[in-house]
Amino acid sequence: MDRQRPRSGHPGDCTCSCDGAAKKKRALLTAIASTLSGQGKLKLTNDWGLCALTWSFTDVFPDAEFSDFRERLRAEVGRRGLSEEMVSRSQFGPDEW
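The rules behind the values
- Residues numbered from 1 in each chain as written.
- Predicted model: local features only at pLDDT ≥ 70, side-chain atom pairs only at ≥ 80, totals over all residues.
- Heavy atoms only, no water.
- Salt bridge = Lys/Arg side-chain N within 4 Å of Asp/Glu carboxyl O.
- Helix = DSSP H or I, 4+ residues; strand = E, 2+ residues; numbered from the N terminus.
- Buried < 20%, exposed > 50% of the residue type's maximum accessible area, 1.4 Å probe, protein only.

Undergrad: For this particular structure, what's the right way to read the pattern of salt bridges?
TA: Where charged atoms from two side chains of opposite charge come close, those side chains can pair. Within this structure, the stated rule accounts for 6 salt bridges. The residue glutamate 65 makes a salt bridge to arginine 26 at a minimum N-O spacing of 2.8 Å. Taken together, the residues glutamate 65 in the loop between helix H4 (47–60) and helix H5 (67–80) and arginine 26 in helix H3 (residues 26–36) connect sequence positions 39 residues apart. Assessed through its relative accessible area of 39%, arginine 26 is described here as partly exposed. The salt bridge partner of arginine 80 is aspartate 47, with a shortest N-O separation of 2.8 Å. Of this pair, arginine 80 sits in helix H5 while aspartate 47 is found in helix H4, placing the two residues 33 residues apart along the sequence. The two residues arginine 80 and aspartate 47 agree in class, both being buried. Here the salt bridges do not stand alone but share partners, grouping Asp47, Glu76, Arg79 and Arg80 into one network.

That's the geometry; what it means functionally is another story.
Structural data, given as structure tokens:
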């Protein structure tokens, strides 16, 4: 899929590539969620980054405290017409997406 090419250093990069380490770093997850929860911030996230964040906060970090952010991610995925398969495949990185 050749939807928008992700920028290096995107929050999706961090959550996908460091999921094992990030599980121990609640502060990192909280910072990502709070940074991207601002008005219109998710609209600026490219498609792969959005899918990677959605996958990460749904499958890797399903903590109840992130349920509001997860709902915002899912809503933006739906608004863009991105599929569940795209969300799932994002875990393999942008080159395999």
